[in-house]
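# Coordinates in review
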Amino acid sequence: MRIGATLLLKNGFCYQSYGWKLLRPLGSLQNAVDHLEEYCIDEIAIIRLCRNNENKSSLMADLKLIKDLDCMTPIAFGGGLRDIQTIELVKNLPIERLIFSSSFIEKNQKLLDYAVNIFGNQAIISLLPLYLDDLKIKCFCPSLSKDFEIDMEFIDSLSNEVIIYDIKNEGNFDGFEMKILEQIKIPTSKIIATGGIGDLKSRQLYELGIAATYIDNTTLHREYSTSYFKVG
Amino acid sequence: MIIDIIDLGIGNISSLQNSLHRLNILSRRVDSTQALNSDTILLPGVGAMGVYMNRLESKGFDSYIVEAVKSNVRVIGICLGFQVLTKYSEESGGVKCLGLIEGITHKLSKVTKKNISTHNGWEEFFFDRSLLQTCGYKNNYKRTRKNYIRGRVFYNHEYGVIPEMESNQSIQIPNEKINSFSSLYVNKNIIGMQFHPEKSQHTGLQLLSMIL
């Protein structure tokens, strides 16, 4: 099981978030990435914070930051990849994988096919912002800023891996809701779990055979080496 | 020596350039055959085979690379850049490739028995420098005195290369589920790597300094 971290990017700076609401600044992107590399993280997901308020200049500024990034750890990038023009802009970035959220939730097959055609299917990751409400899974659609029904079959067929983001428990040490995984009809070997992953949850998820966990808050706030999480 | 990196407008070329920069190796992006002028050509690899091969052909890189190999130019392919050196790839509905490696690029799920459709993550890596000599790969630039590398490398692929004949030119992926696929291939002036050395942290840098 890989141990990764998420970095949220907004207006040129990195943040950690709590419960999908509160943001804690982490400084520059290069600085945060350097720290994660120092802690021997396996991969980094850089996600731009843009819901239904995307603007072009902010996108271009963020892409410039990614372009200048000096990093020898695998990078997945997402946040605002909602049209072909934006996909064209990320073609030359020093990234290996793309993260789509709204496009999977809204079933934008045309855009996803376009991305697969250029980057290959191995590069396509879906991100599902989920939470449990009355023991039922709810999915928040970033572009619409509201909950939306998801088609698991569609998501499974087009994504190489799926990030299950527990938005309610994000930033809550070991708070990740395991019941979410019981309702997700996606092979566990394709799942990346994040949002409240501590050492206990990390071990439970390893036993389930999932692909990776993103332990962002734990890594950056406590300045931990990731070796403690590398079980098996 | 300046290394020429083939620029097809897709892929993580700047990651590769950053790695080479850390090793004090000069490199440049080349987007036309007229500009190629190095004894080492690097084929980077993040993308889909259909588009990748199409762009190689439209810019005339396909025939240039085949001729360059005959003229003893070193050609190094990474991930998709490795797969394109084989004879044929099953990706994008089936694509005829450059045919510089006697092998086929197969979909992982078609070959593996345990329904492995993708291979993402890190695997152990051991490399003995003497393999380069055994396989006839010449390196006049001694950037490191190390003879062995032991570490881990990063993979992200759904297709892999299976050489047609078993030989010591190919090192298998050290994972029992997919060990029929090649991790690293050396034959004279050709090297192919299924993993990403530019994203394999310290191990990747060591390997690049040994082969470049």
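Throughout what follows, the structure given in this document is the object of discussion. Keep in mind that what you see is a predicted model, and the values were worked out from it rather than measured. (Residues numbered from 1 in each chain as written. Chains lettered and ligands numbered in written order. Predicted model: local features only at pLDDT ≥ 70, side-chain atom pairs only at ≥ 80, totals over all residues. Heavy atoms only, no water.)

## Some thoughts on the overall build of chain A
A tally of helices and strands in chain A yields nine helices and twelve strands. Relative to the globule expectation of 17 Å for 232 residues, the C-alpha radius of gyration of chain A, 16 Å, shows essentially globular dimensions. Here chain A holds 232 residues, and 58% of them are scored as buried. Long-range contacts, defined as pairs at least 24 residues apart, comprise 69% of the intrachain contacts of chain A with a sequence gap of at least 6. When the 25 positive and 31 negative side-chain charges of chain A are each reduced to one mean point, those points stand 4 Å apart. (Helix = DSSP H or I, 4+ residues; strand = E, 2+ residues; numbered from the N terminus. Rg over C-alpha atoms; globule rule 2.2 N^0.38 Å. Buried < 20%, exposed > 50% of the residue type's maximum accessible area, 1.4 Å probe, protein only. Contact = heavy atoms within 4.5 Å. Lys, Arg positive; Asp, Glu negative; His and termini not counted. Charge placed at Lys NZ, Arg CZ, Asp CG, Glu CD.)

## Concerning the nonpolar core
With 92 residues, the main nonpolar core has F100 and I164 of chain A together with L56 of chain B as its most contacted residues. Excluding residues within four positions of it along the chain, F100 of chain A makes contact with L81, I87, L111, L112, A115, I124, I125, S126 and L127 of chain A. I13, F127, F195 and M210 of chain B belong to the second largest nonpolar core, which has 35 residues in total. (Core = buried A, V, L, I, M, F, W, Y, C linked by side-chain atoms within 4.5 Å.)

## Considering the pairing of strand β13 (residues 190–193) of chain B
Residue and element names in this part refer to chain B. The two faces of β13 match: I190 and G192 on one face and I191 and M193 on the other face are all buried. In terms of strand pairing, strand β4 (residues 74–78) meets β13 through four bridges, oriented parallel. What sits directly across from I76, in β13, is I191. Where strand β12 (residues 182–187) meets β13, four bridges bridge the pair, whose relative direction is antiparallel. By the bridge assignment for β13, L184 is matched with M193. The antiparallel pairing of β12 with β13 creates a hairpin that spans two residues between the two strands, and K188 there sits at a positive phi of about 55°. (Pairing = 2+ DSSP bridges.)

## Section: the pattern of salt bridges
Taken as a whole, this structure holds 17 salt bridges over all chains when the rule is applied. With a closest N to O distance of 2.6 Å, R152 of chain B and D42 of chain A form a salt bridge. Taken together, the residues span two chains, with R152 of chain B in strand β9 (residues 148–157) and D42 of chain A in the loop between α1 (29–38) and β4 (43–48). Here D42 of chain A falls in the buried class, since its relative accessible area comes to 3%. The shortest N-O distance in the salt bridge between D156 of chain A and K190 of chain A comes to 2.6 Å. With a gap of 34 residues between them, D156 of chain A in helix α6 (residues 152–158) and K190 of chain A in the loop between α7 (179–183) and β11 (191–194) connect regions that are remote in the sequence. Look at K190 of chain A and you get buried, because its relative accessible area is 11%. One salt-bridge network, held together by shared partners, links R2, E43, R97 and E161 of chain A. (Salt bridge = Lys/Arg side-chain N within 4 Å of Asp/Glu carboxyl O.)

## Regarding helix α1 (residues 13–22) of chain B
All names here are of chain B. Of all ten residues that make up α1, seven are buried, and the element is covered over most of its length. Residues of α1 that are buried: I13, S14, S15, L16, N18, S19 and L20. Buried residues along α1 sit in contact with β1 (2–6), β2 (26–30), β3 (40–43), β4 and α7 (201–211). Among the residues trailing α1, N24 stands out with phi positive, at a value near 60°.

## Regarding the sheet that holds strand β11 (residues 170–172) of chain B
Residues and elements named next belong to chain B. Strand order across the open sheet formed by seven strands is β2-β1-β3-β4-β13-β12-β11, with mixed pairing between neighbours. For this open sheet the edge positions go to β2 and β11, each flanked by a neighbour on one side alone. When the angles between neighbouring strand axes are averaged without regard to direction, this sheet yields 15°. Sheet analysis places β11 next to β12, joined by three bridges and oriented antiparallel. Within β12, the residue paired with I171 across the bridge is L184. (Axes fitted to C-alpha atoms, helices over the stretch in contact; angles between N-to-C directions.)

Any functional reading would require information beyond the geometric quantities listed.
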